[in-house]
Amino acid sequence: MILVTGLSGSTDTAESMALTGVSILAGSAVMNLTLIWGSYVVFGNYDISYSSTPSALENNKKPFSLTDYGVTTDDATSYTARNTILSMIPFLILQIAKLINSSSGIRVVILISLLVTLVFLFLYCFYQSCIQPWIQERRLAYVTKKFVKKNLVTSLLTATGKPDESRIREVFCEIDLNNNASISAAELRALLLGIKLEEAGLRNEDFVKNVLEDFDASGNGRIDETEFHRGISKWLYDANHPADSNQYDEQPKIFARTAKSEEQQRLLAKKAKQQSQTAENHWFNYFKAAFLLIIGTAVLTLLAQPVIDAVDEFSSAVNIPSFTISYVVIPVAMNYREAMGAIKSARLKTKQSISLTFSEIYNGVFMNNMMGLGIFLFLVYIRNLSWDVSAEVLVILIICTLMGVLTCNSTKFPLWTAIIAYLMYPISLGLFYVLTKVARWS
C-alpha cells in the first residue's frame with residue numbers, strides 16, 4: 001500500500017509514505033522482539049532448572065523464581081535467531097550516510113543497501129522454498145502433534161495407553177469411502193479436517209503429500225490398513241512421548257525415521273517421481289499467484305490513498321502524533337491476531353511449541369525488515385526523496401542487534417529475560433526521542 005501510494009503520488013506524498021513505512025517497520029520489528037517475545041516467555045514459563053519435560057515436573061514444583069522458571073528452545077531455533085542479526089547488515093550500511101555530506105554519495109549508500117536487502121530477501125526465499133524448507137516442516141510437525149493430542153489421543157488409545165487396534169480399524173474403514181482396502185490422497189483429507197492449516201500458513205495439499213510420504217511405506221501412493229495402523233501408532237506415541245523425539249534439535253523433518261539407506265533411497269526416488277507428476281500443478285499455482293498479485297495490486301492502487309488519508313485524519317482528530325500511530329497503533333493492529341494465537345500455543349508449555357513460536361518471530365522479523373526496508377529504499381532511490389529517517393533506522397539497528405545477540409546464543413530463557421525484553425520497548429521510545437529532539441540525528 002505504501003509503495004503504491006508513494007510511486008503514484010506527489011513528491012510530498014511519497015516522502016510522507018516513506019516516513020510512515022519506516023516507522024511501521026521500526027514499530028513492528030521492535031514490538032515483536034520485545035513485548036511479544038517477552039509475553040511468550042511469561043505465558044509459556046515452567047521450571048527449567050531440570051532437564052525433564054514440563055509435564056514430568058507437575059508433581060515436583062519448586063517455588064517461583066525469575067531464574068529457575070522460563071522457557072527452553074531447541075538448537076535450530078537459536079540458529080534461526082541469527083537471521084535477525086543478519087538482517088541488520090543493510091541498516092548498518094545506511095549509517096554510512098550520516099558520515100557523507102554529498103547527495104550523490106548518499107544515493108550510492110542507499111543503492112548499495114537496497115541491493116544487499118534484495119539479495120538477502122531472494123536468498124532467504126530461495127533457501128526456504130527450494131533448498132531446505134525446514135521452517136514449513138516445523139509448522140507441519142507442530143500442527144500435526146497439536147491435532148493428534150487434541151483429537152486422536154483420547155479416542156484411539158486404550159485405558160492402558162496403548163493404541164486401540166479395533167478403533168483404529170474402524171477409523172480406517174470410515175476414511176476408506178470406496179471400500180477398496182486402501183486410502184487415497186483424497187480420502188486422507190477426511191482425517192485432516194480438524195487441522196487448521198491455514199492459521200499456520202500451510203496448504204492442505206502440502207500436508208497431505210507429507211503425510212502420504214510418512215504413512216505410505218510401499219510407495220504406491222495409497223495407504224493400506226497396516227500402513228495406516230503403523231502411522232497412527234507413530235503419531236500417538238510421539239504425542240505422548242515428546243521428550244523421546246529429537247526432531248526439533250536439528251533441522252527437523254515431519255516425522256523422525258530410522259530407515260536404512262536402501263529405504264531412504266526408495267523414498268527419495270518416490271519423491272522425485274511425485275514431483276515430476278505434479279509439475280503441471282506447480283505451473284498452475286504460479287499463474288494463479290501471478291493473477292492474484294495483479295488483482296491485489298489493482299485493489300491497493302484504488303484504496304491506498306483513501307486508507308492513508310483516513311489514518312492521517314484519525315491522528316489529527318484524536319491529537320496523537322503520526323509517529324505514534326505508525327510506531328505503536330498500526331503494529332499492534334498488524335500483529336494482534338498472530339500474537340494471541342502464538343501466546344495460546346506458548347501456554348502449552350512445551351519445548352516444541354515455544355521453539356516454533358520463537359522461530360515464527362525471528363523469521364517474521366527478518367522478512368519484515370527486508371521487505372519494509374526494501375520498499376522504503378526503493379521509494380527513496382527512485383523518487384530521489386530526502387533522507388530523514390536516520391533515527392528510526394538506528395533504533396531498529398540497536399534493538400534488533402541486542403535482542404538478536406540475546407536470543408542466538410542460548411536455548412534457555414529464564415523469566416528475567418522477559419523483563420529485559422519488556423524494558424527494551426520503552427527504551428526504544430526514549431532512544432528515538434533522544435536521537436530526534438536532543439541529538440538532532442534525523
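The structure presented is a predicted model; accordingly, all values stated were derived computationally and were not measured.

Peer 1: Whenever I open this one, the overall build of the protein confuses me. Can you help?
Peer 2: Scanning the protein from terminus to terminus reveals 16 helices and five strands. Evaluated residue by residue, the protein yields a buried proportion of 44% over its 442 residues. Taking contacts inside the protein between residues at least 6 apart in sequence as the whole, the part at least 24 apart equals 77%. When the accessible surface of the protein is totalled, it reaches about 23000 Å², and 61% of it is carbon and sulfur.

Peer 1: Mind showing me how you'd approach the pairing of strand β2 (residues 69-72) here?
Peer 2: The two faces of the sheet receive side chains in turn, since in a regular strand these alternate between them. Here strand β1 (residues 46-47) runs beside β2; their pairing, made up of two bridges, is antiparallel. Note that in β2 the partner of D47 across the bridge is Y69. Relative to strand β5 (residues 412-414), β2 runs antiparallel, the two being bridged by three bridges. Bridge pairing links T72 to K412 in β5.

Peer 1: Explanation requested: the pattern of salt bridges in the structure shown.
Peer 2: Two side chains carrying opposite charge are able to pair once their charged atoms lie near each other. Taken as a whole and judged by the stated rule, the model has three salt bridges. Here R167 and E170 are joined by a salt bridge, their closest N and O atoms 3.1 Å apart. With R167 and E170 both in helix α7 (residues 165-175) and three residues apart, the pair spans about one turn of that helix. The residue R167 makes a salt bridge to E174 at a minimum N-O spacing of 3.6 Å. In the salt-bridge network here, residues are joined through shared partners; they are R167, E170 and E174.

Peer 1: Honestly, helix α3 (residues 75-86) in this entry has me stumped. Any pointers?
Peer 2: Two residues of an α-helix separated by three or four positions point the same way, owing to the 3.6 residues in each turn. When the terminal C-alpha atoms of α3 are compared, their 18 Å separation across 12 residues agrees well with the 16 Å that a helix rising 1.5 Å per residue should span. Those residues of α3 lying buried are A76, T77, S78, T80, A81, N83 and T84. Of the residues that open α3, the one with a side-chain oxygen 3.3 Å from the backbone nitrogen of A76 is D74.

Peer 1: Looking at this model, I keep getting lost on the packing of aromatic side chains. Mind explaining?
Peer 2: Any two aromatic rings considered together are summarised by their centre-to-centre distance and by the angle between their planes. Counting across every chain of the model gives nine aromatic pairs. Centre to centre, the rings of Y327 and Y425 are 6.1 Å apart; their planes meet at 35°, and the pair counts as tilted. One end of the pair, Y327, is in helix α13 (residues 322-346); the other, Y425, is in helix α16 (residues 415-438), with 98 residues separating them in the sequence. Each member of the pair, Y327 together with Y425, is buried. Each ring, one from F358 and one from F413, has its centre 5.9 Å from the other, and the planes form 70°; the classification is edge-to-face. Of this pair, F358 sits in helix α14 (residues 351-383) while F413 sits in strand β5, and the two are 55 residues apart along the sequence. Here F358 and F413 have matching classes, each one buried.

Peer 1: Which parts of the structure should I look at to understand α16?
Peer 2: Over its 24 residues, α16 runs 34 Å from end to end, which matches the ideal 34 Å to within 8%, given 1.5 Å per residue. Maximum bend of α16: about 25°, positioned at Y425, with proline P426 one to four residues after it. Within the sequence span of α16, burial applies to L415, T417, A418, A421, M424, Y425, S428, F432, L435 and T436. Those residues of α16 hidden inside the fold are in contact with α2 (11-43), β2, α13, α15 (390-408) and β5. Positive backbone phi, approximately 55°, marks R440, located one or two places after α16.

Peer 1: What am I meant to see in the side chain of D74 here?
Peer 2: Topologically, D74 is positioned in the loop between β2 and α3. Here the side chain of D74 touches T77 through a polar contact of 2.6 Å, side chain to side chain.

Peer 1: What am I meant to see in the sheet that holds β2 here?
Peer 2: Working definition: the strands of a sheet are paired by backbone hydrogen bonds and lie parallel or antiparallel to each other. One open sheet holds the three strands; their spatial order is β1-β2-β5, and the pairing between them is antiparallel. For this open sheet the edge positions go to β1 and β5, each flanked by a neighbour on one side alone. Where α14 meets the sheet, it contacts β1, β2 and β5, and its direction lies at approximately 70° from that of β2.

Peer 1: Any chance you could explain the packing of α3 against α14 here in plain terms?
Peer 2: The geometry of a pair of packed helices is captured by two quantities: the angle between their axes and the separation between those axes. Where α3 meets α14, the closest approach of the two axes is 8 Å, and the angle between their N-to-C directions is 20°. Viewed along their axes, α3 and α14 adopt a mutual orientation that is roughly parallel. Here α3 and α14 pass one another in a crossing that is left-handed. Contacts between α3 and α14 involve T77, T80, A81, N83, T84 and L86 on the former and, on the latter, S355, F358, S359, Y362, N363, V365 and F366. Classifying every residue of the contact of α3 with α14 gives six nonpolar, seven polar and no charged.

Peer 1: Is there a simple way to explain the nonpolar core in this structure?
Peer 2: Across soluble globular proteins, you tend to see nonpolar side chains buried next to one another. Residues W37, F91, F358, I361, F376, L377 and W387 are the most contacted members of the largest nonpolar core, which totals 68 residues. Elements represented by at least two residues in this core include exactly α2, β2, α4 (89-94), α5 (103-131), α13, α14, α15 and α16. In terms of residues, this core owes the most to one element, α2, which gives 13 residues. Other than its neighbours up to four places away in sequence, F91 contacts L25, N369, L373, V393, I396 and L397.

Peer 1: How should I be thinking about unusual backbone geometry in this particular structure?
Peer 2: Peptide bonds are, in most cases, trans, and in most cases residues other than glycine have a negative phi. Within the chain, N179 stands out as a residue other than glycine whose phi angle is a positive 55°. With respect to the helices and strands, the residue N179 is situated in the loop between α7 and β3 (182-183). The class of N179 is exposed, set by a relative accessible area of 65%. The backbone of A181 sits at a positive phi, close to 65°, despite the residue not being glycine. On the secondary structure map, A181 appears in the loop between α7 and β3.

Peer 1: What am I meant to see in the environment of T411 here?
Peer 2: Inspection of the secondary structure puts T411 in the loop between α15 and β5. For T411, a relative accessible area of 26% puts it in the partly exposed group. Along the chain, T411 and D75 lie 336 residues apart, while their C-alpha atoms are 6.5 Å from each other. In contact with T411, other than residues within four places in its own chain, are V71, T72, T73, D74, D75 and S78.

Cut-offs and rules
Residues numbered from 1 in each chain as written. Predicted model: local features only at pLDDT ≥ 70, side-chain atom pairs only at ≥ 80, totals over all residues. Heavy atoms only, no water. Helix = DSSP H or I, 4+ residues; strand = E, 2+ residues; numbered from the N terminus. Buried < 20%, exposed > 50% of the residue type's maximum accessible area, 1.4 Å probe, protein only. Contact = heavy atoms within 4.5 Å. Areas by Shrake-Rupley, 256 points an atom, 1.4 Å probe, with all protein chains shown as cover. Pairing = 2+ DSSP bridges. Salt bridge = Lys/Arg side-chain N within 4 Å of Asp/Glu carboxyl O. Expected span 1.5 Å × (residues − 1). Polar contact = N/O pair within 3.5 Å; in protein donor to acceptor, adjacent residues only side chain to side chain. Phe/Tyr/Trp six-rings, centres within 6.5 Å; stacked < 30°, edge-to-face > 60°. Bend = angle between axes of the 7 residues up to and from the residue. Axes fitted to C-alpha atoms, helices over the stretch in contact; angles between N-to-C directions. Parallel < 35°, antiparallel > 145°, perpendicular 65-115°, else oblique. Left-handed = near helix turned anticlockwise from the far one by under 90°. Nonpolar A, V, L, I, M, F, W, Y, C, P; charged D, E, K, R; others polar. Core = buried A, V, L, I, M, F, W, Y, C linked by side-chain atoms within 4.5 Å.

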